[in-house]
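A look at the structure
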Amino acid sequence: MFDYLIVGSGLYGSVFAYEAKKAGKACLVVEKRNHIGGNIYTEKIEGIDVHRYGAHIFHTSNKEVWSYVNQLAEFNHYINSPVANYNGEIYNMPFNMNTFAKMWGISTPEEALSIIEEQRKEIEGEPKNLEEQAISLVGRDIYEKLVKGYTEKQWGRDCKELPAFIIKRLPVRFIYDNNYFNDPYQGIPKDGYTAIIEKLLDGIEVRLNCDFLENKDELKALAKKVVYTGPIDAYFEYKEGPLQYRSVRFETKKINKENYQGNAVVNYTDRETPYTRVIEHKHFNFGKQEKTVVSWEYSSEWKLGDEPYYPVNDEGNSKLFAKYEALAEKEENVVFGGRLGQYKYYDMDKVIEEALKLAKKEL
């Protein structure tokens, strides 16, 4: 009899399993996919760590979490500085003085602020949708070139149909600084993320290609308690109806050249380009390999059977999730955690925080 059955070998499940083993508990991890690591899984192709499920850049303001991951891996000094391609025009992200200098041919913060403030006046009163919210934050020019097309591709809806709260804030900096995150700690593990998960699960029994929901009763019987990190609505057989997600698909190719686009991440912000961004994986680790591996990322509407990526936390889904949360509270000896179990978009550092919180409570 195991103390814990952990469903899913992503960051949440693996951190909890690691802590439980340290506390002398017997754990079994079951994983539906044919590999460990969930969406942070990296695989080596041509000596390059390829982020199979999209770009994962570790960043945090939490010193405890930073120390925790650094005991598991050596991190490089990668700084996230994506660029935006709007019909062939290249702009720096996040919106900063480099962006404004390119957009308007200006050079001082005063000029940039004056243009943005003038353009913000277009929106009077409380913004009614995402378009109005974005213009009230950054003005019409930046909205049209760098927000509108990208956001519409990401959500599959017109910006006028999207709620304002999706863009509560847009980072605007009146300095020449392309560092996307404000967190003091940032980097990417030098040996890829899979190596971290391997370390976390070392000495713990892991069953791959094992779908918990197809064998729920027999698997639950193996342990005193379950830590479930899959979709909460799937656990309850969608009895209240399915929650909504956005999904992402990737086209990944090996390219016989040393450098394809000169940056790890390029966002395509016009509406006509079908993909949202292009990732050149070697640049995450300052690679000098002769070949390169590139992924084109397409956003899509999620349907049953697809991989759920981003929860659609609008009003309707939040009400539906509350019903599942009430069911989860009545479920004996099952804890629901992680991005899918809690129907919440978490950055990696927050996932670790949540898993450590659970470990403190449980162990």
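Description of the structure in this document. (Residues numbered from 1 in each chain as written. Predicted model: local features only at pLDDT ≥ 70, side-chain atom pairs only at ≥ 80, totals over all residues. Heavy atoms only, no water.)

This next bit is on helix α6 (residues 140-155). In the structure, α6 departs most strongly from a straight axis at Val147, where the bend amounts to approximately 45°. Regarding α6, the residues found buried are Ile142, Tyr143, Leu146, Val147, Gly149, Tyr150, Thr151, Glu152, Lys153 and Trp155. Where α6 ends, the next residue or the one after it, Gly156, has phi of about 65°, a positive value. (Bend = angle between axes of the 7 residues up to and from the residue. Helix = DSSP H or I, 4+ residues; strand = E, 2+ residues; numbered from the N terminus. Buried < 20%, exposed > 50% of the residue type's maximum accessible area, 1.4 Å probe, protein only.)

With that settled, the discussion passes to the packing of helix α3 (residues 97-104) against helix α4 (residues 109-120). Closest axis-to-axis distance for the α3/α4 pair is 10 Å, and the angle between their directions is 70°. The angle between the axes of α3 and α4 places the two elements in the roughly perpendicular class. Contacts between α3 and α4 involve Met97, Phe100 and Trp104 from the former and Pro109, Ala112, Ile115, Ile116 and Gln119 from the latter. Taken together, the residues of the contact of α3 with α4 sort by class into 7 nonpolar, 1 polar and no charged. (Axes fitted to C-alpha atoms, helices over the stretch in contact; angles between N-to-C directions. Parallel < 35°, antiparallel > 145°, perpendicular 65-115°, else oblique. Contact = heavy atoms within 4.5 Å. Nonpolar A, V, L, I, M, F, W, Y, C, P; charged D, E, K, R; others polar.)

On to the pairing of strand β1 (residues 2-7), then. Within β1, 6 of the 6 residues are buried, which leaves it mostly tucked inside the rest of the structure. By the bridge criterion, 5 bridges tie β1 to strand β10 (residues 223-228) in an arrangement that is parallel. Across the sheet, Phe2 pairs through a bridge with Ala223, a residue of β10. Examined bridge by bridge, β1 and strand β2 (residues 27-30) share 4 bridges and lie parallel to one another. Each bridged residue has a counterpart across the sheet, and for Tyr4 the counterpart in β2 is Cys27. Each parallel crossover has a hand, and for β1 linked through helix α1 (residues 11-22) to β2 it is right-handed. (Pairing = 2+ DSSP bridges. Right-handed = clockwise from strand over helix to strand, strands pointing away.)

Let us now look at the nonpolar core. In terms of nonpolar packing, the biggest core is built from 53 residues, with Leu5, Phe95, Phe100, Ile142, Phe212 and Tyr228 touching the most fellow members. Judged by nonpolar contacts, the second largest core, of 46 residues, contains Tyr4, Val69, Leu72 and Ile188. (Core = buried A, V, L, I, M, F, W, Y, C linked by side-chain atoms within 4.5 Å.)

As enumerated under the stated definition, the model contains 28 aromatic pairs in all. Seen from their ring centres, Tyr78 and Phe284 are 5.4 Å apart, and the 70° between their planes marks the pair as edge-to-face. Within this pair, whereas Tyr78 is found in the loop between α2 (63-70) and β6 (83-86), its partner Phe284 is found in the loop between β13 (277-280) and β14 (292-301), the two being separated by 206 residues in sequence. Each of the two residues, Tyr78 as well as Phe284, counts as buried. With centroids separated by 5.8 Å and ring planes inclined at 45°, the aromatic side chains of Phe212 and Tyr228 adopt a geometry described as tilted. Note that Phe212 is positioned in the loop between β9 (205-207) and α8 (216-220) and Tyr228 in strand β10, a separation of 16 residues in sequence. Aromatic rings pair up to connect Phe212, Tyr228, Tyr235, Phe236, Tyr324 and Phe336 into one cluster. The cationic tip of Lys102 hangs over the ring face of Tyr91; the distance from NZ or CZ to the ring centre is 5.2 Å. The side chain of Lys253 reaches across the aromatic face of Trp296, ending 5.1 Å from its centre. (Phe/Tyr/Trp six-rings, centres within 6.5 Å; stacked < 30°, edge-to-face > 60°. Lys NZ or Arg CZ within 6 Å of the ring centre and 35° of its normal.)

Another point: the environment of Gly156. Mapped onto the fold, Gly156 is located in the loop between α6 and β8 (185-187). A relative accessible area of 45% means that Gly156 is categorised as partly exposed. With 93 residues separating them in the primary sequence, Gly156 and Arg249 have C-alpha atoms 14 Å apart.

Taken together, the buried positions of α2 are occupied by Val65, Trp66, Tyr68 and Val69. End-on, the buried residues of α2 take up no more than an arc of 160°, which puts them together on one face. Of the surrounding elements, those touching the buried residues of α2 are α1, β5 (58-60), β8, α7 (194-200) and α12 (348-362). (Arc of directions from axis to C-beta.)

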